[in-house]
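Residues per chain are reported as follows:
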Amino acid sequence: MKNIALIIAGGVGARMHQDIPKQFINVHDKPVIIYTLEVFQKHPNIDAIEVVCLNGWQDLLRAYAKQFEITKLENIVSGGKTGLQSIRNGLYDIAKRYHAEDDIVLIHDAIRPMVSQDIISDNIRVCREYGNAITAIPCTAVMLKTMDSLTSDDQIPRENLKITQTPQTFYLNEIIDAHKEAIEKGINDSIASCSLYVELGRKLYLSLGSEKNIKLTTSEDIEIFTALLQASRPDWLRK
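What comes next concerns the included structure. By convention here, each chain's residues receive numbers from 1 onward along its written sequence. The predicted nature of this model means local features are confined to residues of pLDDT at least 70 and side-chain atom pairs, given and counted, to a pLDDT of 80 or more, with totals for whole chains, interfaces and linings taken over all residues. Side-chain measures here rest on the full set of heavy atoms in the structure, leaving out hydrogens and waters.

### Observations concerning the pairing of strand S3 (residues 73–78)
Pairing analysis gives five bridges linking strand S2 (residues 48–53) to S3, with the strands arranged parallel. The residue bridging valine 52 from the neighbouring strand is valine 77, located in S3. Here the term right-handed applies to a crossover when the path leading from its first strand over the helix to its second strand runs clockwise, the strands being oriented away from the viewer. Strands here are runs of E lasting at least two residues and helices are runs of H or I lasting at least four, both read from the DSSP assignment and numbered beginning at the N terminus. Tracing the backbone out of S2, into helix H2 (residues 58–67) and back to the parallel element S3 gives a crossover that is right-handed. DSSP-based pairing: two strands are paired if at least 2 bridges between them are found.

Below you can see the structure in the form of structure tokens.
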């Protein structure tokens, strides 16, 4: 019964407008991806880590992993042309080493470095109890529907909406079966594991998320991440 983290770091980060992929941008002399890996390294219930990495950056990632003592890192594989293909590459490689029916995999974006120990723990709990776990937070904004990106005359009730994050956790054999079924049905453009399950008609179970679990997509996100690293929780604020 193993819990394996699959970290997806295959993107080029075009929206960041930087010279290097966003997962390798240094913040306080440490690459973003290392912040992410350290959280899984420190979690007592994570047994192994696999990374899907952008081609040409694997050796640098291995060097960083050695420098920052990411000892749970077992392997690094190349990404695919799409996020879905990158996830599949990682899953297939993990399956070469892990075969038990109760092995689970936590699929996580490398550019979500603020994932917490509690989020990881709740993913494992929900997945083992219900069969999968999708990190999610409530939608607190007014959601407007638009067909032309300029005007709107309709809204979507926010109480029926959740904003998904990662990790997204599954039994390893089941998520691999889902990918094989998707290939057979010609489903190849799902933007996330949760959307793949929806397209296949499979039920999803929601897990604890956090507003702090941000995805670093733009340069402004890096500013927010840097501020979060330096922030401390006020003593008077209740948990």
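### A closer look at the environment of leucine 200
In this structure, leucine 200 sits in the loop between helix H6 (193–199) and strand S9 (206–208). When near neighbours in sequence (up to four residues on either side) are disregarded, leucine 200 contacts Ala178, Glu181, Ala182, Lys185 and Ile187. Throughout, a contact is declared for two residues whenever any of their heavy atoms are within 4.5 Å.

### Looking at a negative patch on the surface
Negative charge collects at one region of the surface, where Glu101, Asp102, Glu174 and Asp177 lie side by side. Mapped onto the elements, aspartate 177 comes out in helix H5 (residues 172–185). Only residues whose relative accessible area exceeds 30% and that take part in no salt bridge are eligible for patches, with like-charged residues grouped when within 9 Å of each other and nonpolar side chains (Val, Leu, Ile, Met, Phe, Trp, Tyr) grouped when within 5 Å. The method behind every accessible area is Shrake-Rupley, applied with a 1.4 Å probe, and residues are considered shielded solely by the protein chains displayed. In what follows, salt bridge is the name for a side-chain nitrogen of Lys or Arg lying within 4 Å of a carboxyl oxygen of Asp or Glu. Residues scored as positive are Lys and Arg, those scored as negative are Asp and Glu, and His as well as the terminal groups of each chain are ignored. Every charge is mapped onto a representative atom, which is NZ of Lys, CZ of Arg, CG of Asp or CD of Glu.

### Let's talk about the packing of aromatic side chains
To pair, rings of Phe, Tyr and Trp, with the six-membered ring standing in for Trp, must have centres within 6.5 Å; the planes then decide the type, stacked if under 30 degrees apart, edge-to-face if over 60, and tilted in the middle. Considering all chains together, one arrives at four aromatic pairs under this definition. Aromatic side chains tyrosine 130 and tyrosine 205 sit 5.1 Å apart centroid to centroid with 15° between the ring planes, which places their arrangement in the stacked category. With tyrosine 130 in helix H4 (residues 117–130) and tyrosine 205 in the loop between H6 and S9, the pair connects residues that are 75 residues apart, well separated along the chain. Taking 4.7 Å as the distance between ring centres and 45° as the angle between the ring planes, the aromatic pair formed by phenylalanine 170 and tyrosine 197 counts as tilted. Of this pair, phenylalanine 170 sits in strand S8 (residues 162–171) while tyrosine 197 sits in helix H6, placing them 27 residues apart in sequence. Only protein chains enter the area calculation, which uses a 1.4 Å probe; residues under 20% of their type maximum are buried, those over 50% are exposed, and those in between are partly exposed. A relative accessible area of 3% places tyrosine 197 in the buried class. Throughout this description, the term charge over a ring refers to an Arg CZ or Lys NZ atom that lies within 6 Å of the ring centre and within 35 degrees of the ring normal. In this arrangement the basic side chain of lysine 30 is found over the ring face of tyrosine 35, its NZ or CZ atom lying 4.7 Å from the centre. Of note, arginine 202 hangs over the ring of tyrosine 197, and the distance from its end group to the ring centre comes to 5.3 Å.

### A word on the nonpolar core
Membership of the largest hydrophobic core comes to 30 residues, with the highest contact counts inside it found for Ile33, Leu37, Ile49 and Val51. When residues no more than four places from it in sequence are discounted, the contact partners of isoleucine 33 are Ala9, Gln23, Phe24, Val51, Leu61 and Ala110. Among the nonpolar cores identified, the runner-up in size contains 25 residues, and Tyr98, Ile107, Ile176 and Leu196 belong to it. What is meant by a nonpolar core is a set of buried Ala, Val, Leu, Ile, Met, Phe, Trp, Tyr and Cys residues, joined one to another through side-chain atoms within 4.5 Å.

### Focus on unusual backbone geometry
The phi torsion of most residues other than glycine is negative, and most of the peptide bonds are trans. The amide bond that connects threonine 166 to the next residue, proline 167, takes the cis arrangement and shows omega of 15°. At aspartate 29, a position not held by glycine, the phi torsion is positive, near 65°. If you trace the backbone, aspartate 29 turns up in the loop between strand S1 (3–9) and helix H1 (32–42). On the basis of relative accessibility, which here comes to 71%, the residue aspartate 29 falls in the exposed class.

### A look at the sheet that holds S9
Sheet architecture is open: seven strands sit in the order S3-S2-S1-S4-S8-S5-S9, paired in mixed fashion. Only two strands of the sheet have a single neighbouring strand rather than two, namely S3 and S9. Across the sheet, the axes of successive neighbouring strands diverge by a mean angle of 30°, strand direction being ignored. Relative to S8, strand S4 (residues 104–109) runs antiparallel, the two being bridged by four bridges. Within S8, the residue paired with valine 105 across the bridge is phenylalanine 170. In the packing of helix H3 (residues 83–94) onto the sheet, contacts are made with S1, S2, S3 and S4, and the angle to S1 comes to roughly 145°. Note on geometry: axes are lines fitted to C-alpha atoms, helical ones only across the stretch in contact, with angles between N-to-C directions running from 0 to 180 degrees.

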